Amino acid sequence: MVVIYPDINMFNSQSFLVIIIILVILQLRQRRIRRPLGLMILPAFMLFITIFIVQNVIFTSLLNFILIIASFITGVLIGITLGNFFDVKVEKDGSMFLKGSFVAVLLWILVIALKFYGDNILINSGYIDLNVLSSMLLMLTLGAMIARRLFIYNKFRMKIKEIK
């Protein structure tokens, strides 16, 4: 029996491209969400994990605090923008159909590219600590996730009011 352990060398650009294509297809398909309030479970879980990780760095200096809070606010703005492009349909039984748009997928790819290249540029510049940078990226992702899901849930609530 042969066991292959994954390492960073196995993760080349072709496999990264395949993963991105699969994720794009999953984002563009319409999916049914039976309990729309369940959209908040993952952001709540990620909030607790992120706070636990970021608490060691956020209060070390005023600059770190400002950078981390600014990245969270940027994430919220990105999340609202992404949530604005999702198509939400509601059935009479209260279930929701959610479908991403091409614009949302393009913004999502842009954010991933920004994270990847921004991470490399900032690390190589030597101006920012790796712990602060990872905290900033975590807060950016968290802000985007919370804002997008809250925006989509708000769209759902508005559609429910239209049905009634």
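Conventions we followed
- Residues numbered from 1 in each chain as written.
- Predicted model: local features only at pLDDT ≥ 70, side-chain atom pairs only at ≥ 80, totals over all residues.
- Heavy atoms only, no water.
- Salt bridge = Lys/Arg side-chain N within 4 Å of Asp/Glu carboxyl O.
- Helix = DSSP H or I, 4+ residues; strand = E, 2+ residues; numbered from the N terminus.
- Buried < 20%, exposed > 50% of the residue type's maximum accessible area, 1.4 Å probe, protein only.
- Contact = heavy atoms within 4.5 Å.
- Pairing = 2+ DSSP bridges.
- Axes fitted to C-alpha atoms, helices over the stretch in contact; angles between N-to-C directions.
- Parallel < 35°, antiparallel > 145°, perpendicular 65-115°, else oblique.
- Left-handed = near helix turned anticlockwise from the far one by under 90°.
- Nonpolar A, V, L, I, M, F, W, Y, C, P; charged D, E, K, R; others polar.
- Expected span 1.5 Å × (residues − 1).
- Bend = angle between axes of the 7 residues up to and from the residue.
- Phe/Tyr/Trp six-rings, centres within 6.5 Å; stacked < 30°, edge-to-face > 60°.
- Patch = residues over 30% accessible without salt bridge, like charges linked within 9 Å, V, L, I, M, F, W, Y side chains within 5 Å.
- Areas by Shrake-Rupley, 256 points an atom, 1.4 Å probe, with all protein chains shown as cover.

### Description of the pattern of salt bridges
Reasoning step 1: With the rule as written, the count across this model stands at two salt bridges.
Reasoning step 2: Across the pair Arg-32 and Glu-91 runs a salt bridge whose closest N-O atoms are separated by 3.1 Å. Of the two residues, Arg-32 is situated in strand S1 (residues 30–33) and Glu-91 in the loop between strand S2 (87–90) and strand S3 (96–99); the sequence distance between them amounts to 59 residues.
Reasoning step 3: The class for Arg-32 is partly exposed, based on a relative accessible area of 35%.

### Let's talk about the side chain of Asn-64
Reasoning step 1: Secondary-structure assignment places Asn-64 in helix H3 (residues 62–84).
Reasoning step 2: When residues no more than four places from it in sequence are discounted, the contact partners of Asn-64 are Val-57, Ile-58 and Val-132.

### Considerations on the sheet that holds S1
Reasoning step 1: Within the open sheet, the three strands sit side by side as S1-S3-S2. Their pairing is antiparallel. Looking at the sheet topology across the chains shown, the edges are occupied by S1 and S2. On average, adjacent strands in this sheet sit at an angle of 25 degrees to one another, irrespective of strand direction.
Reasoning step 2: As paired elements, S1 and S3 share four bridges and run antiparallel to each other. Within S3, the residue paired with Gln-30 across the bridge is Lys-99.
Reasoning step 3: Packed onto the sheet, helix H5 (residues 130–163) meets S2 and S3 and runs at close to 40 degrees relative to S2.

### Side note on the packing of helix H2 (residues 41–58) against H5
Relative placement of two packed helices is described by the angle separating their axes and the distance separating the axes.
Reasoning step 1: For the pair H2 and H5, interaxial distance at closest approach is 10 Å and the crossing angle is 155 degrees. In terms of their interaxial angle, H2 and H5 are classed as roughly antiparallel. Here the hand of the crossing between H2 and H5 comes out left-handed. Of H5, the residues touching H2 (which contributes Leu-42, Pro-43, Met-46, Leu-47, Thr-50, Ile-53, Val-54 and Val-57) are Asn-131, Val-132, Ser-135, Leu-138, Met-139, Leu-142, Met-145, Ile-146 and Arg-149.
Reasoning step 2: Tallied by class, residues from the contact of H2 with H5 come to 13 nonpolar, three polar and one charged.

### Re H2
Reasoning step 1: The end-to-end C-alpha distance of H2, which contains 18 residues, comes to 24 Å, matching closely the 26 Å that a straight helix rising 1.5 Å per residue would cover.
Reasoning step 2: Along H2, the largest kink reaches about 30 degrees and is centred on Phe-52.
Reasoning step 3: In the core, the buried residues of H2 are packed alongside H3 and H5.

### Some remarks on the packing of aromatic side chains
Reasoning step 1: All told, the structure shown has two aromatic pairs when counted by the stated rule.
Reasoning step 2: Aromatic side chains Phe-59 and Phe-65 sit 5.8 Å apart centroid to centroid with 25 degrees between the ring planes, which places their arrangement in the stacked category.
Reasoning step 3: A relative accessible area of 32% places Phe-65 in the partly exposed class.

### Things to note about a nonpolar patch on the surface
Reasoning step 1: A cluster of nonpolar side chains, contributed by Val-18, Ile-19, Ile-22, Leu-23 and Leu-26, occupies part of the molecular surface with about 390 Å² of accessible area.
Reasoning step 2: Summarising the element assignment, Leu-23 is placed in helix H1 (residues 13–28).
Reasoning step 3: On the basis of relative accessible area, Leu-23 is assigned to the partly exposed category, the value being 33%.

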